[in-house]
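Notes for the structure review
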There are 4 protein chains.
Amino acid sequence: MKLVPHRVLPWRGLVQPPSRAFSSTTKRALIKPISELPDRITPTYQQRPSNTLLALEWPSPPRNILITKKKRTPGITASLVEYTTHLASTYPSINIIVEPESAAEIHEQLAFPVYTYSTPSPNSDPPHLSDKTDLVCTLGGDGTILRASSLFSHAATVPPILSFAMGTIGFLGEWKFREYKKAFREVYMSGASDAYAKLEFPESEPDSAPAPRTCPEDPLDKPLSYADIRGKAMGSTRTARILLRNRLRVGVFGPDGQRLNSAASSGDTYALNEVILHRGSSPHLKIIDVFVGGRFLTEAVADGMIISSPTGSTAYSLSSGGSIVHPLVPSLCLTPICPRSLSFRPLVLPAETPITLRLGDKNRGRDVEVSIDGKRISEGIGEGMEVRVVGEQVRSAAKEWCGGVPSIVRGLSGTEADEEDHWVGGLNALLKFNYPFGDQDAEGGHRWA
Amino acid sequence: MKLVPHRVLPWRGLVQPPSRAFSSTTKRALIKPISELPDRITPTYQQRPSNTLLALEWPSPPRNILITKKKRTPGITASLVEYTTHLASTYPSINIIVEPESAAEIHEQLAFPVYTYSTPSPNSDPPHLSDKTDLVCTLGGDGTILRASSLFSHAATVPPILSFAMGTIGFLGEWKFREYKKAFREVYMSGASDAYAKLEFPESEPDSAPAPRTCPEDPLDKPLSYADIRGKAMGSTRTARILLRNRLRVGVFGPDGQRLNSAASSGDTYALNEVILHRGSSPHLKIIDVFVGGRFLTEAVADGMIISSPTGSTAYSLSSGGSIVHPLVPSLCLTPICPRSLSFRPLVLPAETPITLRLGDKNRGRDVEVSIDGKRISEGIGEGMEVRVVGEQVRSAAKEWCGGVPSIVRGLSGTEADEEDHWVGGLNALLKFNYPFGDQDAEGGHRWA
Amino acid sequence: MKLVPHRVLPWRGLVQPPSRAFSSTTKRALIKPISELPDRITPTYQQRPSNTLLALEWPSPPRNILITKKKRTPGITASLVEYTTHLASTYPSINIIVEPESAAEIHEQLAFPVYTYSTPSPNSDPPHLSDKTDLVCTLGGDGTILRASSLFSHAATVPPILSFAMGTIGFLGEWKFREYKKAFREVYMSGASDAYAKLEFPESEPDSAPAPRTCPEDPLDKPLSYADIRGKAMGSTRTARILLRNRLRVGVFGPDGQRLNSAASSGDTYALNEVILHRGSSPHLKIIDVFVGGRFLTEAVADGMIISSPTGSTAYSLSSGGSIVHPLVPSLCLTPICPRSLSFRPLVLPAETPITLRLGDKNRGRDVEVSIDGKRISEGIGEGMEVRVVGEQVRSAAKEWCGGVPSIVRGLSGTEADEEDHWVGGLNALLKFNYPFGDQDAEGGHRWA
Amino acid sequence: MKLVPHRVLPWRGLVQPPSRAFSSTTKRALIKPISELPDRITPTYQQRPSNTLLALEWPSPPRNILITKKKRTPGITASLVEYTTHLASTYPSINIIVEPESAAEIHEQLAFPVYTYSTPSPNSDPPHLSDKTDLVCTLGGDGTILRASSLFSHAATVPPILSFAMGTIGFLGEWKFREYKKAFREVYMSGASDAYAKLEFPESEPDSAPAPRTCPEDPLDKPLSYADIRGKAMGSTRTARILLRNRLRVGVFGPDGQRLNSAASSGDTYALNEVILHRGSSPHLKIIDVFVGGRFLTEAVADGMIISSPTGSTAYSLSSGGSIVHPLVPSLCLTPICPRSLSFRPLVLPAETPITLRLGDKNRGRDVEVSIDGKRISEGIGEGMEVRVVGEQVRSAAKEWCGGVPSIVRGLSGTEADEEDHWVGGLNALLKFNYPFGDQDAEGGHRWA
Ligand SMILES: NC(=O)C1=CN([C@@H]2O[C@H](COP(=O)(O)OP(=O)(O)OC[C@H]3O[C@@H](n4cnc5c(N)ncnc54)[C@H](O)[C@@H]3O)[C@@H](O)[C@H]2O)C=CC1
Ligand SMILES: NC(=O)C1=CN([C@@H]2O[C@H](COP(=O)(O)OP(=O)(O)OC[C@H]3O[C@@H](n4cnc5c(N)ncnc54)[C@H](O)[C@@H]3O)[C@@H](O)[C@H]2O)C=CC1
Ligand SMILES: NC(=O)C1=CN([C@@H]2O[C@H](COP(=O)(O)OP(=O)(O)OC[C@H]3O[C@@H](n4cnc5c(N)ncnc54)[C@H](O)[C@@H]3O)[C@@H](O)[C@H]2O)C=CC1
Ligand SMILES: NC(=O)C1=CN([C@@H]2O[C@H](COP(=O)(O)OP(=O)(O)OC[C@H]3O[C@@H](n4cnc5c(N)ncnc54)[C@H](O)[C@@H]3O)[C@@H](O)[C@H]2O)C=CC1
């Protein structure tokens, strides 16, 4: 059988071969625009009765992989190079997308081109990114995942996110970096076997394979072949597991009713954790009118207010006294920050209830903070501002799962019954939920002497 | 048109006419068994896209009305007499069911018979009650509603509940007693108009109408006629509104795996608010193993644990530091009571997640308290006991609403957009949610001097 | 008896008579420097066994009265004019000090001179103010009292503060403005009767009395005479009552150990409520090392930390989840603001324990907020900053009461046993402490329909 | 020098010599009444300016040592035997007192007599115990310390308590059992050196020394001699450190004003942690009127109310949401248990403020629980009951320290500056105060898979 890679991935035909012909210095210089990439492949998510996690199913294998990394953390760049090199050598049909800063930083160390995008205007997503990205991988902690998800903050459909912790595991992540080969392979292979039927593999011509392989004797480093496919893609029982995290749809409006949180045309912003309205650098209380389902609920006199998704219930909302809400409870949390009231208890509302926070004219000063997922999105507007929020719908009218942030979680390590464990495990391991009293950690003869 | 009441309500033919022939003294003595009543009429609940409340729809008008009242509260008996008298005179085809104590207390004051049931054995529902009751009315507060709902605590389908506050309105109730005529009429008329087509009305023979009418000139006191039907039953826009309150399904098991909370055959008990496991009269901490979704979550060292429905989130769970959860968020709240831990925050879990509390063998003493909706259900069992809970399903596989406690709430007082207000209103009015600081209540010159 | 006002108040001799000779337009223009005033008279505070409030005792009647008012509130200026006019006409030996803005605003409306001070350099007290002020009166709310107290934030001894609420009573205030005549008279007369022996009164020469009297028939508007003295100053049972509010002594230091919170020489700043360290306008968590009694207690990852006095326990600390601490419990409260921990419970520590907050080098950004009593005191310093706090000593070695903010509270309205009520009353009236549930406020037929 | 033990300890002369003459079987049988012991020696507590801990000072060495142990814990009996044997052999002038059960259990294993008391009538202290006990040692956890302190719950002066943890260290304890020799020696030697001047030591006649020595080569096992004294008792810098824990004085009264908590004559009961009033085994809310300083504060509708000492602030009060209060803050904590109110925040009140809880006539049922330090003290009384509490005075009019529970804490392990560490250390080690988030405990590749 003849190998015709350019039929399957015609854009690669145009791009890759010349790059290979380049001298090594030239090769390194290659940063390409994502607009040249083939269009995005969108997976479906299947629910099985016995399980609250969804099964990832690619119609055909993912090709365009966005990889983001934690900023200002030296060691991570080497991991990014290692990871991209592994993907490029093992999955020849894959294209690597990185953020502009990363592209500049690493492309000279790579033997293949990387794709990137131009920096977006404020409050909008990078152009083309959501049309081209099949899968997102993050190297970092929760902040990196939040930043990755914010690259799709105006997109109705977010690609699945596979996140690797570089140090301690965060609450949104699941995988240790050292698991990257196996984890990626599982995600890549998650599809009905016929999805892979048309996939064509490079013939084993040693010279055509990309040169620097991280560990040639590791089977996970060998280019994928039919043998793998036959063994792996066996339907939904072996596919990657998805926790679909509902987002919030947020609109921020000035006193004149004009949108503040996004470039004119792009509409609402999606938040993974929460949106907050806060006194910011003013040392005085803010007075915020809260409307629930279109009706006035209360006047909050407080440092601020949080509207969080269930995912965000373990973030800022938790610090402010909110309950811990399981990510699969379709709800919004309304949590005050330091309310000047003894009787303002956090509320958990139906996801479909619209909530509005309005900064009335009793407030002096303009330095209010509005932040989405830890990113400040507005400045210089105070009095009259409104934040309008509603939970994202994650099932279409036809009851298909869509929207949300599809987070790839552990699912294959044990039996099916073991799959639901993650969130509960995270409570104990990460949040130190109900951590027991006593001196059990003390060793040696003295407790603290 | 000929009136044939016994065709529609054959059992009335047997019962009512003789009673009418009785002398007034004899009449009063009539207490009949509910087994004689016609079978229950079960309404359906329609959801409209614009509205989270459901619309009540009777296939044919309700006939068997259970009325419960608060205990140990003198004035309420007079109200019960007034209410039953109104119903009997205005809706001649209606049958009144009351609790055994009430029957004994009031039947002599009535010109018509009342139905009642025999006291059930412990931990089971009154026999026949759930097969015969079309509608429940309560006169009292939240405790009375809880007690009414507990009469159906082994029934998968609870009749709609219309509750009248006798003093201050509670959190579960909605209606003032003085609204009873209008409220009942609305509920009674909630049905597609053809439901009433077959209904036959008494001819206006003044002598056949029951004698003592509370206020004859009030149109709501006149026996219902076609005129009313034509004007009222106009489809779902004018029907009574239902808040379907999910319950918990609770099983309590001894160390030997034997059920403790219900008579052998009757299976799980349904709770409207919550189930609690508590140290009871022992002055020492209990050690409770908590399992979520079949997995060990944590060992709670505490006074006790609460598993509550969203409805119950404003009851005991709130007092124990839980969040306020809207009754339409499909969830369970897991709230510790005085946990011996700084880090045991309340959890909100998906309604379909099974939760188990197990009293391990580290506990001394047997005097543990297990209570459902404020009613103690077990005694003398400690170590090894298990409480197993899961949220009730309120939609059938065919997506029909069923189960839950269908609570009749205000819905017709304003425009459709006004209908959702109740819960939010209750937060402010009843819970004094976020009650503002300051001396606004102080009048006159001195605050507290 | 000859009137020799200049003997008692020699400085008035120089000042007042000329002013009286001025034409009325000229008179109004008089704003004088406080440096011209006689030196401050410092009262003592007596404790009686039966009572936790102290008794105010002037060695001789107060002369220099500082009056501050709420800013940006139109109606209050008229009250200030009314109040100063009353004092000037009724207590001829009294001198009125006002803030510079107030002086400019009102002096033209007055028939007597006012004293004022020059605006101080940042982080220092107005020059001379604490050497000249015998008594402070505030017209406004808690914010006005805090601002008044902050005028003495580098002074070891604060004059007694008499505060009038202009609208709703705050938590730190006690008196309604309409009580001003009686309240001031009580304070003025609080002294051993011999304190007043040397006081000389203006002869009742009608023409020498200042012209515009607010209400001439009111005995409290008549110039004070021996008759009043004889009747009033009867020792400690009839004296004004003082709640001595402990302050915090706060030092803020840069990474180089240099003081940031006060002009070079002036040392620590006193806080009445609290000092806070906060993330300010940065949307990210701060990492704060907390030392108690010189030892490392914990690393707080939070929005910020509060160290409050017992007085401040009902201010920001309360909003952040702190307990309510009675102002007479000698303690400091350490309360985190939105801590990223499930197990950071507020602490109440002995007043004499030094506490240090240090912003370690894990923090990015410099925009940290340090505020004392709601006033931001530092900018542009982040990493390495330290806030050092210790409770103020309010008893000297000789067990005399000194320091603190002597707040004049109700004490004479009833019997001695009634005197302690204020704080408890404030909990209920102002904080809505344990405000009861239920619809008791609802009137009319409907709760919220 | 002639040994005249009977001069110093005349009662020993009567008792000990005969016992030595006994055959070993006879000896073992000796259990003696504490009434035969010499009178109690009461130490003083010295405060030094630099230190909040007090220095223990015996006027003469302690002689009568009460040792209590945890119940129902098999291994502990062996430790008790080891400990008493060590004391008896090393400090020949010491007398061992144990609880009646322990006496019965261990006396046969000992070569010396033990003293004990008869079981007291309910709600009173064991007769003579507080007149005879110089020092208390506990082997167990916090519960054992609470029980030991409750043996003196009607005594104004509690002997110092030296507590040894047998497993994990509790919050009230300080010492590991393996430190017992050193810890006891320090306590024994804490006194001005002249206190020991009159002490006479047994001559080193090997045969007169008690036989079974735990470890003869250990210098701490050798009978104390002048050499030790000269080296050790060097004034307050080397003495044991005392944390004087304030107690509560509690009176429980029936509706008729009659005391319920103690035998007629014995008056108030002292609590180390707290007194609680609780719904007990009734599943319904209690309605409790709370009075502070003689005035009505609020009506608590709750599971119950806690009034705790600062020591008790980390016990039940903490579980109920109270703040953590340092044991040296002179205060009382008023903490509700599951209050039916959003706005009932815990209060910290001055220690000298009397607080009363009254169970009004709105309460049904009689099964209310009143517990002191985890011991239920009343039964069968409901409606009309009152609990009256005030903080114990720990300084006499002459400013001497007295009262409280003198707890022996670490003080000699480091420099003086190190002495204050204990409580802060306990927060971190025992309460897991502000325990950090993250997966720092996870080892290996997977967090929870
Ligand atoms: N006082 C607080 O608790 C504050 C919390 N935040 C949170 O930080 C988020 C932004 O994260 P970064 O940019 O990394 O800011 P950051 O550097 O301030 O760190 C936020 C922390 O929150 C954790 N986190 C984020 N999302 C979480 C989630 N869903 N569940 C549990 N833990 C979560 C992260 O692991 C990290 O420890 C915001 O969305 C907000 O939720 C932001 C400011 C203050
Ligand atoms: N500390 C607490 O808060 C306690 C609460 N309870 C609650 O009482 C319920 C039993 O009620 P009763 O027999 O009347 O006992 P009860 O006489 O002890 O009164 C319970 C109170 O809770 C209110 N309540 C009941 N259900 C509610 C809900 N869903 N939302 C808001 N408020 C609600 C009632 O209006 C009443 O004020 C239990 O289901 C439990 O939730 C029971 C014991 C202690
Ligand atoms: N989230 C919160 O609760 C915040 C509270 N504050 C507090 O505001 C104080 C400054 O006051 P303003 O300049 O008027 O600021 P502001 O205009 O922000 O109002 C502060 C509020 O706190 C009240 N308050 C002040 N001291 C109090 C006390 N000791 N006990 C009870 N209530 C008290 C005032 O009556 C006012 O309602 C600060 O000392 C701080 O305690 C400041 C910022 C946020
Ligand atoms: N929900 C709760 O937190 C409850 C707490 N208790 C507490 O238990 C005490 C009685 O102790 P036990 O007889 O051993 O009962 P227990 O067997 O119920 O254990 C009480 C727990 O509290 C700890 N504890 C006791 N005093 C403490 C203190 N001052 N600070 C920190 N931890 C402390 C003990 O180490 C033990 O872990 C009572 O005084 C009460 O404070 C009692 C019942 C319920």
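Residues numbered from 1 in each chain as written. Chains lettered and ligands numbered in written order. Predicted model: local features only at pLDDT ≥ 70, side-chain atom pairs only at ≥ 80, totals over all residues. Heavy atoms only, no water.

Going by what an unreviewed UniProt entry lists, chain A is known as ATP-NAD kinase-like domain-containing protein and is assigned to Massariosphaeria phaeospora. Check the Sequence similarities (unreviewed entry) section of the UniProt entry for chain A; it says "Belongs to the NAD kinase family." (UniProt positions renumbered as here; feature names shortened; annotations may be inferred.)

Turning our eyes to something else, we now look at the site of ligand 4. The local shell around ligand 4 holds 20 residues, among which Arg340(B), Asp142(D), Glu274(D), Thr314(D) and Ser319(D) are the closest. Residues near ligand 4 are shared among chains B and D, making this a multi-chain site. Tyr316(D) places a polar main-chain atom, nitrogen or oxygen, 3.2 Å from an oxygen atom of ligand 4. Within the contact set of ligand 4, an oxygen atom lies 2.6 Å away from a side-chain nitrogen or oxygen of Ser319(D). Here ligand 4 loses 85% of its free accessible area of 770 Å² to cover by the protein chains. Counting residues per element, the shell around ligand 4 draws most heavily on helix α7 (residues 142–150) of chain D, at 3 residues. Of the residues in the shell around ligand 4, the class split is 8 nonpolar, 7 polar and 5 charged. (Near = heavy atom within 4 Å. Polar contact = N/O pair within 3.5 Å; in protein donor to acceptor, adjacent residues only side chain to side chain. Areas by Shrake-Rupley, 256 points an atom, 1.4 Å probe, with all protein chains shown as cover. Helix = DSSP H or I, 4+ residues; strand = E, 2+ residues; numbered from the N terminus. Nonpolar A, V, L, I, M, F, W, Y, C, P; charged D, E, K, R; others polar.)

The subject of this paragraph is the interface of chain A and chain C. Across the contact, 28 residues belong to chain A and 28 residues belong to chain C. Between chain A and chain C lies a buried interface of about 2,100 Å² when both sides are counted; carbon and sulfur atoms form 50% of it. The largest contributions to the chain A side of the interface with chain C come from Ser319(A), Arg340(A) and Leu342(A), which together make up 26% of the buried area. The interface formed by chain A and chain C contains 2 salt bridges. For the salt bridge of Arg279(C) with Glu369(A), the shortest nitrogen-to-oxygen distance reads 3.0 Å. Connecting chain A to chain C are 18 residue pairs in polar contact (both at pLDDT 80 or more). (Contact = heavy atoms within 4.5 Å. Buried area = accessible area lost by both parts, 1.4 Å probe. Salt bridge = Lys/Arg side-chain N within 4 Å of Asp/Glu carboxyl O.)

What follows is about the pattern of salt bridges. One pass over the structure, following the stated rule, counts 64 salt bridges over all chains. Put simply, Lys71(A) and Glu101(A) hold a salt bridge, and the shortest N to O gap is 3.6 Å. Of the two residues, Lys71(A) sits in the loop between β4 (64–69) and α4 (76–90) while Glu101(A) sits in helix α5 (residues 100–106), which places them 30 residues apart along the sequence. Classification of Lys71(A) by relative accessible area gives partly exposed; the value is 38%. Here Glu101(A) falls in the partly exposed class, since its relative accessible area comes to 45%. Arg410(B) is paired through a salt bridge with Glu179(B); the nearest N and O atoms lie 2.7 Å apart. In this pair, Arg410(B) is assigned in the loop between β23 (405–409) and α11 (422–429) and Glu179(B) in the loop between β9 (175–176) and α8 (180–188), connecting sequence segments 231 residues apart. With respect to burial, Arg410(B) and Glu179(B) carry one shared label: buried. (Buried < 20%, exposed > 50% of the residue type's maximum accessible area, 1.4 Å probe, protein only.)

Another aspect to go through is the interface of chain B and chain A. Taken together, the contact between chain B and chain A spans 45 residues of the former and 45 residues of the latter. In total, chain B and chain A occlude about 3,500 Å² of area from one another, counting both sides; carbon and sulfur atoms represent 58% of this. Our count for the contact surface shared by chain B and chain A stands at 0 salt bridges. Remark: the boundary between chain B and chain A carries 25 residue pairs in polar contact (both at pLDDT 80 or more). Where the side of chain B that touches chain A is concerned, the elements lending two or more residues are β15 (295–308), β16 (324–325), β18 (347–350) and α11 of chain B. It is β15(B) that provides the largest number of residues to the side of chain B that touches chain A, a total of 6 residues.

With that settled, the discussion passes to the relation of the copies chain A and chain C. One copy of the chain maps onto the second through a rotation around an axis plus a translation along that axis. The two copies are related by a screw operation: chain A maps onto chain C through 180 degrees of rotation and 0.0 Å of translation along the axis, at an RMSD of 0.0 Å. In symmetry terms, the pair is related by a two-fold rotation axis. No C-alpha of chain A approaches the rotation axis more nearly than that of Ser281(A), which lies at 2.2 Å. The overlap is high: 100% of the interface residues of chain A also sit at the interface in chain C, so the same surface is used on both sides. (Least-squares fit on C-alpha atoms with pLDDT ≥ 70 in both.)

Next up on the list: helix α8 (residues 180–188) of chain A. α8(A) sits mainly inside the fold: 8 of its 9 residues count as buried. The set of residues buried in α8(A) consists of Tyr180(A), Lys181(A), Ala183(A), Phe184(A), Arg185(A), Glu186(A), Val187(A) and Tyr188(A).

So, about the pairing of strand β15 (residues 295–308) of chain C. Residues and elements named next belong to chain C. The buried fraction of β15 is high, at 11 of 14 residues. The sheet contact formed by strand β13 (residues 274–278) and β15 spans 5 bridges and is antiparallel. Among the inter-strand pairings, leucine 277 is bridged to a residue of β15, identified as methionine 305. Of the strand pairs in this sheet, strand β14 (residues 286–292) and β15 are connected by 7 bridges, and their pairing is antiparallel. Of the residues in β15, the one forming a bridge with aspartate 289 is glutamate 299. Between β14 and the antiparallel strand that follows it, β15, lie 2 residues; glycine 293 among them carries a positive phi value of about 60 degrees. Summarising the sheet, β15 and strand β17 (residues 331–339) pair through 6 bridges and their orientation is antiparallel. The partner of methionine 305 across the bridge, within β17, is proline 336. (Pairing = 2+ DSSP bridges.)

A word on the site of ligand 2. Among the 20 residues in the neighbourhood of ligand 2, the closest are listed as Asp142(B), Glu274(B), Thr314(B), Ser319(B) and Arg340(D). Nearby residues around ligand 2 are contributed by chains B and D. Contact between ligand 2 and Asn273(B): a nitrogen atom at 2.8 Å from a side-chain N or O atom of the residue. The contact in question runs from a nitrogen atom of ligand 2 to an N or O atom on the side chain of Asp303(D), over 2.8 Å. Coverage of ligand 2 by the protein amounts to 85% of the 780 Å² it exposes when considered alone. Taken together, the elements giving at least two residues each to the shell around ligand 2 come down to α7 (142–150) and α10 (316–319) of chain B. Top element by residues in the shell around ligand 2 is α7(B). It accounts for 3 residues.

As a further point, take the side chain of Glu392(A). Residues and elements named next belong to chain A. Tracing the chain through its elements places glutamate 392 in the loop between β22 (386–391) and β23 (405–409). Taking relative accessible area as the criterion, glutamate 392 reaches 6% and is therefore assigned buried. Within the structure, the side chain of glutamate 392 is placed 2.9 Å from the backbone nitrogen of glycine 404, a separation counted as a polar contact. Residue contacts for glutamate 392: discarding those within four places in its chain leaves Ala156, Asn246, Arg247, Leu248, Tyr270, Gly403 and Gly404.

Glancing now at the relation of the copies chain B and chain A. Between chain B and chain A, the superposition needs a rotation of 180 degrees and an axial shift of 0.0 Å, giving an RMSD of 0.0 Å. Most of the interface of chain B is mirrored in chain A: 100% of its interface residues are interface residues there too.

This paragraph deals with the packing of helix α4 (residues 75–90) of chain C against helix α8 (residues 180–188) of chain C. All names here are of chain C. The interhelical angle for the contact between α4 and α8, taken along N-to-C directions, is 45 degrees, at an axis separation of 11 Å. In terms of their interaxial angle, α4 and α8 are classed as oblique. For the pair α4 and α8, the crossing hand works out as right-handed. On α8, the residues touching Glu82, Tyr83, His86, Leu87 and Thr90 of α4 are Tyr180, Lys181, Phe184 and Arg185. Residues that form the contact of α4 with α8 fall into these classes: 4 nonpolar, 2 polar and 3 charged. (Axes fitted to C-alpha atoms, helices over the stretch in contact; angles between N-to-C directions. Parallel < 35°, antiparallel > 145°, perpendicular 65-115°, else oblique. Left-handed = near helix turned anticlockwise from the far one by under 90°.)

On to helix α11 (residues 422–429) of chain A, then. Extensive coverage of α11(A) is indicated by the burial of 7 of its 8 residues. Among all positions in α11(A), only His422(A), Trp423(A), Val424(A), Gly425(A), Gly426(A), Leu427(A) and Ala429(A) are buried. Buried-residue contacts for α11(A) involve β16 (324–325) of chain A together with β14 (286–292), β15 and β18 of chain B.

On to the packing of aromatic side chains. By the definition in use, this model includes 46 aromatic pairs over all chains. Seen from their ring centres, Tyr83(B) and Phe184(B) are 6.5 Å apart, and the 80 degrees between their planes marks the pair as edge-to-face. In this pair, Tyr83(B) sits in helix α4 (residues 75–90) while Phe184(B) sits in helix α8, placing the two residues 101 residues apart along the sequence. On the basis of relative accessibility, which here comes to 0%, the residue Phe184(B) falls in the buried class. Ring geometry for Phe291(D) and Phe296(D): centres 5.7 Å apart, planes at 70 degrees, overall edge-to-face. According to the relative accessible area criterion, Phe291(D) is buried, its value standing at 16%. (Phe/Tyr/Trp six-rings, centres within 6.5 Å; stacked < 30°, edge-to-face > 60°.)

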